[in-house]
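Structure at a glance
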Amino acid sequence: MSRGICPRVNSCGSFWISSLAIFAATVICVDAYSCHEVRTAFQVRQVGPLQRVPETPGTDVDLLICKHQGPSCCTRKMEESYQLAVKRETLHNIQSYSYELEHLISGHSDAFHDMFQYLLSFSQGHLSSLLEGSYSAVSRQTLPHVNQLFSSLSLYLRGANVSVEAAVHQFFNNIFPLVYMRLINPGIEGSMMGNEMGDCLRMTRQDVNPFGPHPDVMAQKLAGALGAGRQLVLALEEGLEVMNVTQHASLSKECVKGLVKMVYCSHCRGLTLIKPCVGYCLNVMRGCLASVSELDQPWRRYTSLLEQLTHGMAGHHSLELALLGVRENVNEALLYAQLHGPLITATVDKVCGLSTSEPTGTQPTSTEVATSTVTSSSPLPSAASSQALPEQWPGQIAHLRKEFLVYLQRYKSFFAALPEMMCDGENVVDDSTCWGGDGVLQSYNGKVVGIGVHAQRQNPEVKVRTVDPSMAEVKERLEHFNQETQEKFPKLDQMDPWDELGSGETEEGSTTDCDDEDGCQASGDGQEKESHEVVSSEGLGRVPGGDNPQVNPSRPPSVRVIGGLPSVSWNFALLFAGLCLQWILF
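Everything numeric here is computed off the predicted structure, so don't read it as measured data. (Residues numbered from 1 in each chain as written. Predicted model: local features only at pLDDT ≥ 70, side-chain atom pairs only at ≥ 80, totals over all residues. Heavy atoms only, no water.)

Secondary structure summary: the protein chain contains 22 helices and 2 strands in total. Here the protein chain holds 586 residues, and 47% of them are scored as buried. Contacts in the protein chain between residues far apart in sequence, at least 24 positions, make up 82% of those at least 6 positions apart. Of the roughly 29,200 Å² of accessible surface on the protein chain, 54% is carried by carbon and sulfur atoms. (Helix = DSSP H or I, 4+ residues; strand = E, 2+ residues; numbered from the N terminus. Buried < 20%, exposed > 50% of the residue type's maximum accessible area, 1.4 Å probe, protein only. Contact = heavy atoms within 4.5 Å. Areas by Shrake-Rupley, 256 points an atom, 1.4 Å probe, with all protein chains shown as cover.)

Quick look at the structure:
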């Protein structure tokens, strides 16, 4: 019986073994074609509603983008979610890569603006201290006009439609009645009709020319130095606008389809971890960003102009010297008016037709000189205390300029390199076994095209039909701004940006030719200061007025003691006072 039973047992064993093998194979096949990993990736990347992902692959799926033969874990609804997700992710990546550049422009725009406001504020206080200490007869009445002048200069630097020359001449027009009635002819104000006389003096100031060449010299210096600063501010604003449009660039339908095919179509086959081939990714990204890459050439020109404008503004400390020189220019103008008092009085009498009963001529000037030699020392302590900060300021300006230019060099090719940045790092693989859009490849054999719209004609992955209108408009605006800047400053191309750092600036951004106690505001020889400014003005294509031959001959040394004394004159004055004191005591 045992032999009769054994064949049956062997038959039954073979049957059960076969059944178990078939069951195990079925289970393995079910696991192999499960969409569990696809659902996980769909949920982790927040592509869309999880219920759109099937539990198991389908065989009769009608897909538009991720087409392939065989089971698929994707549906038409999933493709729609993939399109929205890949568009969102791509724009986010563009914003991430451009954030540092935008932050660089925005941060330095604020830094330059703060620097401008500080220099304006200090220069305004510098001029006010001169008027209060040396010209007390007109100081209170001229302060509103000083405020108006520097307010106009501030608006000009911010890009407002303000003329520096008009603001300077308006300032001298407004103070001329005060100078005429209180410095040139003190005491006649009450005996004359103030409104009529004041209006006549303001309207005829440029004809009478009571301040000599100094208003024109001051206007030219400020226009030359502030012009580069204003254009730099406008350039930084233009750069921010370009970055803002770039971050919100629109992606065409062909681009979105190519991105879905590159990023998510591998998921439809259960390959959630495979990454695109490098060449494949470059073709897709260069096709998607073809219109953005068209900004490459105008952007390179724009960054070069930024460098040149920065050096034109800050090179040789031209901006600081121009603003801090306002005090000296106003002082020289007032001295000129006092010196030529009789001639100005006679001219005003003819032009305005309002004669003065007893013009005093230069007599009040001598009194003013006598009192000013005593009182001019009073504002010096406060002026010196207010000048403690500017001693360090030129070094900070040099450091700010150098830092800005070093960072700017890194972003000259930003728009050309943006597609490569999108395909860098962990997003792609350069070795074997990568995703090529239609399947797994050992290496990508397609032709990798260049950047720009024209190069995309041979792009095998993304068809580029037209240029994005918004990017075309930005490109045109940027090219127009570059051309406008070049026309305003025709000699910018003749400047070597990295050689225009000033004769005393070291590699670390410090200065050695700017160590005066007054913080680089020409406390020494005035001629040296003027030659400094002329160099920077010529670099900007401006006609300097600092070397006017009529300035020095008309300036007698005896009158120069009123306010704003050079250090050499102070040395002689102190020596003379010490000798007189020794003679009196002994």
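Now that the structure has been shown, the text picks up again.
This part takes up the state of the cysteines. Here the structure, examined in full by the defined rule, presents 7 disulfides. Here Cys66 is linked by a disulfide to Cys265, with a sulfur-sulfur distance of 1.9 Å. Because the torsion about its S-S bond is -80°, the bridge between Cys66 and Cys265 counts as left-handed. A residue pair is termed long-range when its members are at least 10 positions apart, and Cys66 in the loop between helix H2 (36-44) and helix H3 (76-134) and Cys265 in the loop between helix H9 (253-263) and helix H10 (278-288) qualify at 199 residues. Looking at Cys66, the relative accessible area reads 4%, which means it is buried. Looking at Cys265, the relative accessible area reads 3%, which means it is buried. Across the disulfide, Cys255 is cross-linked to Cys288 (sulfur-sulfur distance 2.1 Å). Judged by the sign of its S-S torsion, about 110°, the bond between Cys255 and Cys288 is right-handed. Residue Cys255 is located in helix H9, and its partner Cys288 is located in helix H10; the two are separated by 33 residues in the primary sequence. Cys288 matches Cys255 in its accessibility class, with the two residues each being buried. (Disulfide = S-S within 2.5 Å.)

What follows covers the side chain of Thr272. In this fold, Thr272 is placed in the loop between H9 and H10. Not counting residues up to four positions away in its chain, the partners in contact with Thr272 are Glu37, Val38, Ala41 and His267.

So, on to the nonpolar core. Generally speaking, soluble globular proteins have nonpolar side chains that are buried together. In terms of nonpolar packing, the biggest core is built from 124 residues, with Leu222 and Trp299 touching the most fellow members. Of the residues forming this core, the biggest block, 17 residues, is contributed by H3. Those residues in contact with Trp299 that sit more than four places away from it in its chain are Leu101, Ile105, Gly239, Val242, Met243, Tyr411, Lys412, Phe414, Phe415 and Leu478. (Core = buried A, V, L, I, M, F, W, Y, C linked by side-chain atoms within 4.5 Å.)

Attention now moves to the pattern of salt bridges. Per the counting criterion, the structure on display carries 12 salt bridges. The shortest N-O distance in the salt bridge between Glu100 and Arg410 comes to 3.5 Å. With Glu100 in helix H3 and Arg410 in helix H18 (residues 393-410), the pair connects residues that are 310 residues apart, well separated along the chain. The partner of Glu254 in a salt bridge is Arg465, and the shortest N-O contact between them spans 3.7 Å. Of this pair, Glu254 sits in helix H9 while Arg465 sits in the loop between strand E2 (440-441) and helix H20 (469-488), and the two are 211 residues apart along the sequence. Accessibility expressed as a relative area gives 64% for Arg465, which makes it exposed. (Salt bridge = Lys/Arg side-chain N within 4 Å of Asp/Glu carboxyl O.)

This part is about the packing of aromatic side chains. Overall, the coordinates contain 13 aromatic pairs when judged by the stated rule. Relative to Phe415, the ring of Phe414 lies with its centre 5.1 Å away and its plane at 80°, an arrangement referred to as edge-to-face. According to the relative accessible area criterion, Phe414 is buried, its value standing at 3%. Here a set of aromatic residues connected by ring pairs shows up, and it is made of Phe171, Phe172, Phe176, Tyr180 and Phe211. (Phe/Tyr/Trp six-rings, centres within 6.5 Å; stacked < 30°, edge-to-face > 60°.)

Below, the discussion takes up unusual backbone geometry. The phi torsion at Gln46 lies on the positive side, around 50°, for a residue other than glycine. Structurally, the position occupied by Gln46 is in the loop between H2 and H3. Relative accessible area serves as the criterion here: at 63%, Gln46 is assigned to the exposed category.

It is worth spelling out the confidence of the model for the protein chain at this point. Residues with a pLDDT of 70 or more make up 68% of the protein chain, whose mean pLDDT is 75. The low-confidence segment residues 1-31 (pLDDT under 50) makes 0 contacts with residues lying over four places distant or belonging to another chain. Of the regions scoring below 50 in pLDDT, residues 496-586 engages in 142 contacts with residues more than four places distant in sequence or in other chains. (pLDDT = per-residue confidence, 0-100.)

A word on helix H4 (residues 136-157). The end-to-end C-alpha separation of H4 is 30 Å, in line with the 32 Å expected for 22 residues at 1.5 Å each. Taken as a whole, H4 carries its principal kink of about 50° at Thr142; the proline Pro144 stands between one and four residues after it. The inward-facing, buried residues of H4 contact H3, helix H5 (164-184), helix H8 (214-247) and helix H14 (326-339). (Expected span 1.5 Å × (residues − 1). Bend = angle between axes of the 7 residues up to and from the residue.)

Let us now look at the packing of H8 against H20. To describe two helices that pack against each other, one gives the angle between their axes and the distance between the axes. Relative orientation of the contacting elements H8 and H20 amounts to 170°, with a least axis distance of 10 Å. Considering their axes alone, H8 and H20 lie roughly antiparallel with respect to each other. Of the residues in H20, those touching H8 at Gln231, Leu234, Ala235, Glu238, Glu241, Val242, Val245 and Thr246 are Ser470, Met471, Val474, Arg477, Leu478, Phe481, Thr485 and Lys488. For the contact of H8 with H20, the per-class residue count stands at 8 nonpolar, 4 polar and 4 charged. (Axes fitted to C-alpha atoms, helices over the stretch in contact; angles between N-to-C directions. Parallel < 35°, antiparallel > 145°, perpendicular 65-115°, else oblique. Nonpolar A, V, L, I, M, F, W, Y, C, P; charged D, E, K, R; others polar.)

Between H9 and H10, the shortest axis-to-axis distance is 9 Å and the interhelical angle comes to 160°. The angle between H9 and H10 places the two elements in the roughly antiparallel class. At the point where H9 passes H10, the crossing takes the left-handed sense. Of H10, the residues touching H9 (which contributes Cys255, Gly258, Leu259, Lys261 and Met262) are Tyr280, Cys281, Val284, Met285 and Cys288. (Left-handed = near helix turned anticlockwise from the far one by under 90°.)

Assignment of secondary structure puts His169 in helix H5. A polar side-chain atom of His169 sits 3.3 Å from a polar atom in the side chain of Asp216. Once residues lying within four places of it in the same chain are set aside, the contact partners of His169 are Arg205, Gln206, Pro215, Asp216 and Ala219. (Polar contact = N/O pair within 3.5 Å; in protein donor to acceptor, adjacent residues only side chain to side chain.)

Another point: the environment of Arg76. Here Arg76 shows up in helix H3. With relative accessibility at 34%, the residue Arg76 sits in the partly exposed group. Once the C-alpha coordinates of Arg76 and Cys66 are considered, the two residues, 10 residues apart in sequence, prove to be 9.5 Å apart.

On to the environment of Gln456, then. Of note, Gln456 is situated in the loop between E2 and H20. Taking the relative accessible area as the measure of exposure, Gln456 reaches 3% and is therefore buried. Taking the C-alpha atoms as reference, Gln456 lies 7.4 Å from Ala290; in sequence the two are 166 residues apart. Once residues lying within four places of it in the same chain are set aside, the contact partners of Gln456 are Asn283, Arg286, Gly287, Ala290, Val449, Gly450, Ile451, Val462 and Val464. From its side chain, Gln456 meets the backbone nitrogen of Gly287 in a polar contact 3.5 Å long. In terms of polar contacts, Gln456 uses its side chain to reach the side chain of Asn459, at 2.7 Å.

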